[in-house]
Every structure is written in C-alpha cells, then in structure tokens.
Amino acid sequence: MKLQSPKASGSWAYVDGATSFNAAIDKQLLAALDKYTGAPYQPAAGPAQPANPGSAKLSVQGSLTHAGGNFLIGRLRTSTPTGKGPGNTVETTVVYNSGTGATVSSAELIVPAHLGQLMEAAQSSAPLPLTDLAFDGAGNLTLTVPNSAPPLADTEYRTLTVPSATARPWLSELGRSVQDGAALPWKPPTPEAKALRHINCDIVACAALTYDDGPSQGTTPRLLTMLEQAGAGATFFAVGGAANYSPQIVKAENDAGFTVGDHSWNHPDLRKLSPAAIVDQIQRTNKAIKAASGEAPTLMRPPFGGVNQVVRANVEMPIILWSVDSQDWLTRDPAKYIPAIMNQVSPGAIILEHDIHATTVDHQPEVISNLQRAGYNLVTVPQLFSGIDLEPGQVFSCRGHGKDCTPSPGR
Ligand SMILES: [Zn+2]
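Residues numbered from 1 in each chain as written. Predicted model: local features only at pLDDT ≥ 70, side-chain atom pairs only at ≥ 80, totals over all residues.

Turning next to the nonpolar core. Counting 96 residues, the largest nonpolar core has Cys206, Ala207, Ala208, Ala238, Ile350 and Ile351 as the members making the most contacts within it. Broken down by element, the residue count for this core peaks at seven residues, all from helix α1 (residues 19–37). Each of domain 1 (2–181) and domain 2 (206–396) gives at least three residues to this core. Those residues in contact with Ile350 that sit more than four places away from it in its chain are Ala208, Thr210, Ile320, Trp322, Ser323, Val324, Val381, Ser397 and Cys398. (Core = buried A, V, L, I, M, F, W, Y, C linked by C-beta atoms within 7 Å. Buried ≥ 20, exposed ≤ 12 C-beta atoms within 10 Å, placed from the backbone. Helix = DSSP H or I, 4+ residues; strand = E, 2+ residues; numbered from the N terminus. Domains from an automatic or database assignment. Contact = placed C-beta atoms within 7 Å.)

Shown next as structure tokens:
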C-alpha cells in the first residue's frame, strides 16, 4: 500500500484475510496521522510525486520482518519530519497467528524476568524497546534497536542477533512457537469468505467506479478486461432481465472479484410502484444474479436514483447512490464526461457510469488512468465502506465528511 498525500508519504503491507493484523496496522497509522495533523486525518488525493526526503511529511514505513509457520511479524515505523523535533519516531511490531487469527505485541514473545539477560546479550545498557523482535530462518532472534535513546533520529537503527539456543530459555511459550515455525513456510489464514483486498479509505484516497444497466454482451466483457488490466475494482449494478439473459457475464464479474449489485428487474421508477411490485423487482433480480454467479447481491441501486420512504421501506438492502454523476449516458462524449468525473471526484466518491454504452466502455482506460494518476485507489463499494455498517433501507452516496456522505464511526 502506498500513501502519497500532502501530509504523509510512505508504504506498508497488508495481509489479505489477516483481519486483526491489518486492523492493528491501521490503528497505529491512523493514530500517527491524527497526531501529526492535529485532527482526525482526512485522506487527500494528489498527483503522484517522487518521494522527497526533505519534505515536511509524516513518513510511514511498514515491513514484514518474519513469516514462518502460523506466524507473521510486521513492523510499522512512523516518523515526523526532523524539523518538528527529535524523538518522534514511533514503532510498533505486531505478531499475527494465522491459526487463531489473533494479533499480539512482540513484547509477549519474551518472558519479562529474562529481559535483563536479553539486554546483556544485546550489549545494551539502555532498556530495550521490545517493539522490534523477529526470528531469522534458523530461529535466531533478531532485535532492531535504536543507536541512541532518546532522542531517536529517524534512521539510526542497528540489528542485533541472539543465537537460537541462547534465546530459547528467555522466550515465552508463544515466542517458542514463533521460533519453531521460523524454518517452515508461512501458512496464510484460511479465508472465511471471498477475501476482499484490504484497504482503509480513511487513510488513502479511494473512489468507487460503478456501472449501471448491464450486463451487455457487446460492451461489458471488454470492460472487465480493461478493469483487470488496470488493477481497478468496480461495482456493477445489473438489471435482472439482462443478468438473466447473460448469466455468464455476471459470473465473470463476480469471479474476477468485482461486486454485483441489484438495479431492479426492468428499470422502472420504483417510486411509482406498489410495495409488492417493488419487492418483486428486487427479489427476481437477486434470484437471477444468485443463479448466475452463486452469490446473492447485498447492495441495491434504484433506477434513476429514485428513492422515497416507500422504496426505502421495501428494498430491504442498503441503497447505494453516487456523488459523481458522469452523465455518460446523456452526452455519450468522453470529451465531456471524463472532465465531469475529474471535476467532481474527491476521496470517498462513488462515480456513476453505464456499461451498456460503447462510448463509455471504449474510454474507460482513460478514466481509470486519470483517476489513478490523481492518486485514487479504485475500489469496490464494499471496500469503500469497509468498517461502516450498511443498514438496509439506508442511503449511501459516498464515504467521508462531504455533503450526503457517511463517515466511519468515531471519525
Ligand atoms: Zn439505470
């Protein structure tokens, strides 16, 4: 994952399916970003710039320091710019157990009573910050310690190695398990469901491309290839009749990790229908999508964005609207709808387009590269709202603090 915003820059890694590990990384990152900016951090987009070591940004460096058996150790170091004073490097190391799904601090690898011996072995007179322990492939304990404490310069660290047998008696039961696994291949967690690529849209700038009214045999398969080649996530709001006619495309969308939502059976204005007719439109469509892909939709977008109390009460799914209206269906002109998208987009946006028009699909590589160059991570709607409860009958148009957007709890 890369962060390149006016306030912060750096990179770190998530592990797909390792929920508690990813959450621990996010928690530390958000705490550092909030502290640095003096307010709940807001993700910002901006064109990718070459890293500038002298710039006044929070620097974020994450790395996986150990992977073996059921255990993974990841380290995150956040440093405020030198101009803001010394001693502002914060380091966290988390130990993740793919067998239990739990994440603990690396200090728990050592029996506290043996800390003195560890300090001696590490030839350290100062108390060791036990935030950075790992094992190499032979089970030797490695510690990364600052050269001076405090204050710490950002980059002055040295790595000490304690031989496997020397370290063994000082290790906790957990520490010994980690050591025993060091020579084994890493065993990733078993995904409970289709694992979403983890991303936190409170930290990085996200936008969700959504395509309505398909699938269409003449255009949608080409669009899938374009999205996959660009590494872009997307959400398709499919019309039930079309899904029923082209189930293989719905399956291809779902198999490729895109989200397929419900856009009614034949695109009526739901506000003009009886409650029973609304329910019928939605249930028939959900059934067709489930029959095609094996997965029932969990999101609904009413045709024309037409929502009222009766629609909300009868949809029984979260209602997903948009914050960026490309009007691609109206202008059919990339010289108009691409600038429309770029002028309206902001972090957390949902972008409305239609995958049934060749004038839209033909120019998606340009839309995607413009957004990516502007710093947006293109995500599915479930990824965009990760961490936010999407209640049935509620309307969601974007994530964050913009007009009609939904912020994540506590931010
Ligand atoms: Zn539509």
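Turning our eyes to something else, we now look at the pairing of strand β12 (residues 259–262). Successive side chains on a regular strand alternate, one facing one side of the sheet and the next facing the other. Along β12, one buried face is formed by Thr259 and Gly261 and the opposite face, lined by Val260 and Asp262, is buried too. Relative to β12, strand β11 (residues 235–238) runs parallel, the two being bridged by four bridges. If you follow Phe237 over to β12, its bridge partner there is Gly261. (Pairing = 2+ DSSP bridges.)

Ordered in space as β1-β2-β3-β4-β5-β6, the six strands form an open sheet in which the pairing is mixed. Every interior strand has two partners, whereas the edge strands, β1 (2–4) and β6 (103–105), have only one. Within this sheet the neighbouring strands show an average axis-to-axis angle of 20 degrees, counted without direction. Sitting on the sheet, α1 is in contact with β2 (8–11), β3 (58–68), β4 (71–79), β5 (89–97) and β6, with an inclination near 5 degrees to β4. (Axes fitted to C-alpha atoms, helices over the stretch in contact; angles between N-to-C directions.)

Quick look at the pairing of β4 now. Buried residues dominate β4, accounting for nine of its nine residues. Going residue by residue along β4, you find Phe71, Ile73, Arg75, Arg77 and Ser79 tucked away on one face and Leu72, Gly74, Leu76 and Thr78 tucked away on the opposite face as well. Two elements, β3 and β4, share nine bridges in a ladder whose sense is antiparallel. Across the sheet, Gly62 pairs through a bridge with Leu76, a residue of β4. Counted along the chain from β3 to the antiparallel partner β4, the turn is two residues long, and its residue Gly69 has a positive phi close to 60 degrees. Where β4 and β5 come together, nine bridges link them in antiparallel fashion. Bridging across to β5, Leu72 finds its partner in Tyr96.

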